[in-house]
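Results of the structural survey
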Amino acid sequence: MNERITGTLEMRGTALDPIHHGAGSIGNVSVARRQAFLLDDGSEVRVPYISGNSIKHLIRDGGARFACEALDIADGALSKGIVDLLFSGGGLTKGGSAVNIAKARDLERMFPLLSVCGYGAGNTMTASRVRPSHMHVVCAENAFRLPADLVSHAHTQLRAEDLITEEFGTRHDTRSDGTVTRMLDLETRTTLEGAMAAKSKDKTASAKAEQSSQMIYEFEAIKAGSRLYGTIQIIDMNPLEIGALQSALGRACVGMHGDAHVFRLGGKSSVGFGRVAITFTGALRHIERPATSESTELARIGSDSASTHIAAYLDHIRANRADIIEALQEACE
């Protein structure tokens, strides 16, 4: 396992649905996250983007789910500390027990996902070997930082605000639905009916609004059809770590769109938002042979070469299942 691999993957995405990546609210509208930067003339613009942190979370979450399923982890079998470590990277603690560096290295060797995404446990922090950039929309303001093939794209003639739309949703008030309220226990239903009867006597506008059967909420989103660009830097990985990364992306993938893999980015995915079709291109360099490079297997998540790396990773973690669980427990004590 002396082979070490580094490089950069490029991600080119197309929004199949509007993407909501929120950053608080203005009035009643949840606004899209925007990055502020200066143009050459000194003016400031604010351009929507998808944060690198959300890409990192997608990788970590997909990798943790793949590993838990592969290791046949039963419901209720893990402590909160282990769940936090797997799904959010854990955290440093002043009062926690010290983690022996040699044991930390053994844990990373046995369970490569941790070194891929980085983690904190006890007094030890391990840096991530994947570093996603933000995913930037293809627009006029971003043209200066896009690769050559996207600079000529028609969307670079559009301003950033042309890519933002306002969407809405509704939340229904079950109090107005008799087929639902009759499922309530008698005491609750009697109290509710009494409250509704009292309110029905109040003819003010506010009371009428409260009795509405639905509530509309509004939020900004990046328009469907928008193009996005970003990168994932890969740092000094071994083949098992490459397999862990590929398995994470494969588990996070929710389908195919032509040759592109579909992922859900941003919020409100449960109501149909956030599908993005992404293609991966780039090259990985083997550190022992720095003068050479080859097309990365990660550009083709489902390819035979990718399957080989994932199979090796799967065999490895299954063979070390008991030791992995024991090491995770020790790291989270």
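Above this text is the structure in question.
Throughout what follows, the structure given in this document is the object of discussion. Going along each chain's sequence as written, the residues are numbered from 1 onward. Per-residue local features are limited, in this predicted model, to residues with pLDDT of at least 70; the limit for side-chain atom pairs, both in listing and counting, is 80 or more; totals at the level of whole chains, interfaces and linings are taken over all residues. Hydrogens and water are ignored here; the side-chain numbers use all heavy atoms of the structure.

Where helices and strands are cited, they refer to DSSP runs of H or I of at least four residues and of E of at least two residues respectively, numbered from the N terminus. Here the expected length of a helix is defined as 1.5 Å per residue gap, with one fewer gap than residues. Across its 14 residues, helix α9 (residues 239-252) extends 20 Å between first and last C-alpha, which sits within 8% of the 20 Å expected from 1.5 Å per residue. Of all 14 residues in α9, 12 are buried; the element is thus mostly enclosed. The rule is simple: take the accessible area with a 1.4 Å probe, protein chains only, and divide by the maximum for that residue type; under 20% is buried, over 50% is exposed, in between is partly exposed. Among all positions of α9, only P239, L240, E241, I242, G243, A244, L245, Q246, S247, A248, L249 and A252 are buried. Any pair of N or O atoms that falls within 3.5 Å is considered a polar contact. Within protein, one atom must be able to donate a hydrogen and the other to accept it, and sequence-neighbouring residues count only if both atoms are side-chain atoms. You can read the cap of α9 off the contacts: a side-chain oxygen lies 3.0 Å from the backbone nitrogen of L240, and it is on N238.

This next bit is on helix α11 (residues 321-331). Looking at α11, one finds that the buried residues are I324, I325, A327, L328 and A331. Angularly, the buried residues of α11 cover 165° about the axis, an arc narrow enough to put them on a single face. Comment: arc refers to directions from the helix axis out to C-beta atoms.

Moving on: the nonpolar core. Note on terminology: a nonpolar core comprises buried Ala, Val, Leu, Ile, Met, Phe, Trp, Tyr and Cys residues joined through side-chain atoms within 4.5 Å. Counting 67 residues, the largest nonpolar core has F111, Y313 and L328 as the members making the most contacts within it. Ranked by residue count, the leading element in this core is helix α1 (residues 52-70), at 8 residues. By the convention used here, residues are in contact when the closest approach between their heavy atoms is within 4.5 Å. Ignoring sequence-local partners within four residues, the contact set of Y313 consists of F66, A67, F111, P112, L113, L240, G243, A244 and S247.

What follows covers the pattern of salt bridges. By definition here, a salt bridge exists when the distance from a side-chain nitrogen of Lys or Arg to a carboxyl oxygen of Asp or Glu is within 4 Å. In the structure shown here, the tally under the stated rule is 13 salt bridges. Residue E241 pairs with R4 through a salt bridge whose shortest N-O separation is 3.8 Å. Placement of the pair is E241 in helix α9 and R4 in the segment before β1 (5-15), with a sequence separation of 237 residues. As a salt-bridge pair, R34 and E220 come within 2.8 Å of each other at their nearest N and O atoms. In this pair, R34 is assigned in strand β4 (residues 34-38) and E220 in strand β11 (residues 214-222), connecting sequence segments 186 residues apart. Taking the relative accessible area as the measure of exposure, E220 reaches 14% and is therefore buried.

Moving on, we come to the packing of aromatic side chains. A pair of Phe, Tyr and Trp rings is counted when the ring centres sit within 6.5 Å of each other, with Trp represented by its six-membered ring. The angle between the planes then sorts it: under 30 degrees is stacked, over 60 is edge-to-face, the rest tilted. Enumeration according to the criterion identifies 4 aromatic pairs in this entry. Directly above the ring of F37 sits R145, whose terminal nitrogen or CZ lies 4.7 Å from the centroid. Taking NZ or CZ as reference, K268 lies 4.8 Å from the ring centre of F219, over its face. Only Lys NZ and Arg CZ are tested; either one counts as a charge over a ring when it is within 6 Å of the ring centre and within 35 degrees of the ring normal.

Positive phi is not limited to glycine here, since D72 has a value of about 55°. In the Ramachandran plot, K268 falls in the positive-phi region, its phi being about 60° despite a non-glycine side chain. Within the fold, K268 resides in the loop between β14 (260-264) and β15 (275-286).

With that settled, the discussion passes to the environment of A143. Tracing the backbone through its elements, the reader meets A143 in the loop between β9 (135-137) and α5 (148-151). Taking C-alpha positions, A143 is 9.5 Å from H155, a pair spaced 12 residues apart along the chain. The residues contacting A143, other than those within four sequence positions of it, are V151 and T156.

Across the 7 residues that make up strand β5 (residues 44-50), a large majority, 5, are buried. The pairing of β4 with β5 spans 5 bridges and is classified as antiparallel. Paired with F37 across the two strands is V45, which belongs to β5. Counting the residues between successive antiparallel strands, the hairpin from β4 to β5 contains 5 residues, one of them, G42, with a positive phi of roughly 90°. Strand pairing requires that DSSP identify at least two bridges connecting the strands. Note: β5 against β9, 2 bridges, orientation antiparallel.

The values reported here are purely geometric and, on their own, carry no functional implication.
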